[in-house]
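Architecture at a glance
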Amino acid sequence: KLELIGNIGFDFRWGDLAWDPKIRKLLMITDQSREVDFPKLYLVDPFNAETELLGTIEVDQFGSGHQAYGLEYIPETGQIFISYDERVLEVDRNTLAAELIAETTLENDSFAGLAYDSDSQKLYAIASGGSTYLVDTVNGEILHECTPSQILEGGVAYDSKQKIFWQTVLAGGPQDI
């Protein structure tokens, strides 16, 4: 069942959502433009759509012209990962500094999203071309893992306790959750 919670009050173009079960809020990353290179991290209350800007993720060291697409939060460790074009970065929640974890050499492809399987403790990166890769967050190795997958527009997060998906939809203008 899909239910409109409310309007987040700004345009959510590129980014993703992740569920934090401890504080019962969504983390949201949005990167408005390849021209700007300032991905922002927000908290979103899924019960009333109120947002709180946590700050801008520090990605200056990777140069300009990149886009943040995917976000994954691992509640067991408190780690935040983002996909930043062909890179997977870990973001410090306190300072918002980004550290390179893994980088692909895929031609004309980038990571469109991330997903974490807490049972197997594996982080997956979904490429915009549809292939899924396993990311070793310790040594930075990227392995081709799965067959092509369907890519959703907008951001998606999952609350495993309530069995609820939260999703934003790309429709132009201020975005609904």
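Notes on the structure follow. Treat the numbers as computed from the prediction; the structure is a model and nothing was measured.

Attention now goes to the sheet that holds strand E3 (residues 40-44). Here 4 strands make up an open sheet; going across it, the order is E1-E2-E3-E4 and the pairing antiparallel. Either end of the sheet is taken by a strand with one partner, and the two such strands are strand E1 (15-20) and strand E4 (51-56). Between one strand axis and the next, the sheet turns by 20° as a mean value, whatever way the strands run. When strand E2 (residues 25-30) meets E3, the two strands line up antiparallel, connected through 5 bridges. Residue pairing for E3: leucine 27 is matched across the bridge by leucine 43.

Attention now goes to the nonpolar core. Among soluble globular proteins, nonpolar side chains are generally buried collectively. If you look at the biggest cluster of nonpolar residues, it comprises 18 residues, and the most contacted ones within it are Ile57 and Leu71. Those elements that place two or more of their residues in this core are E2, E3, strand E5 (68-74), strand E6 (79-84) and strand E7 (87-91). Setting aside anything within four residues of it in sequence, one finds leucine 71 in contact with Asp16, Leu17, Ala18, Leu27, Met28, Ile29, Leu41, Ile80, Phe81, Ile82 and Leu114. Of all hydrophobic cores here, the second largest spans 12 residues; its members include Ile74, Phe111, Ala125 and Tyr133.

Quick look at unusual backbone geometry now. Its identity is not glycine, yet alanine 49 carries a phi of approximately 70°, on the positive side. With respect to the helices and strands, the residue alanine 49 is situated in the loop between E3 and E4. A positive phi angle is found at leucine 96, which is not glycine, with a value near 65°. Of note, leucine 96 is situated in the loop between E7 and strand E8 (98-103). Looking at leucine 96, the relative accessible area reads 4%, which means it is buried.

All told, the structure shown has 3 salt bridges when counted by the stated rule. For glutamate 86, the salt bridge goes to arginine 87, with nearest N and O atoms at 3.2 Å. For glutamate 103, the salt bridge goes to arginine 87, with nearest N and O atoms at 3.6 Å. With glutamate 103 in strand E8 and arginine 87 in strand E7, the pair connects residues that are 16 residues apart, well separated along the chain. Since its relative accessible area comes to 10%, arginine 87 is described here as buried.

Here the focus is the sheet that holds E6. Taken in spatial order, the 4 strands make up an open sheet running E5-E6-E7-E8, and their pairing is antiparallel. Each having just a single partner strand, E5 and E8 make up the two edges of the open sheet. For this sheet the average axis-to-axis angle between neighbouring strands, irrespective of direction, equals 25°. As paired strands, E7 and E8 are joined by 5 bridges and run antiparallel to one another. Bridge pairing in E8 places valine 91 opposite alanine 98.

Cut-offs applied
- Residues numbered from 1 in each chain as written.
- Predicted model: local features only at pLDDT ≥ 70, side-chain atom pairs only at ≥ 80, totals over all residues.
- Heavy atoms only, no water.
- Pairing = 2+ DSSP bridges.
- Helix = DSSP H or I, 4+ residues; strand = E, 2+ residues; numbered from the N terminus.
- Axes fitted to C-alpha atoms, helices over the stretch in contact; angles between N-to-C directions.
- Core = buried A, V, L, I, M, F, W, Y, C linked by side-chain atoms within 4.5 Å.
- Buried < 20%, exposed > 50% of the residue type's maximum accessible area, 1.4 Å probe, protein only.
- Contact = heavy atoms within 4.5 Å.
- Salt bridge = Lys/Arg side-chain N within 4 Å of Asp/Glu carboxyl O.

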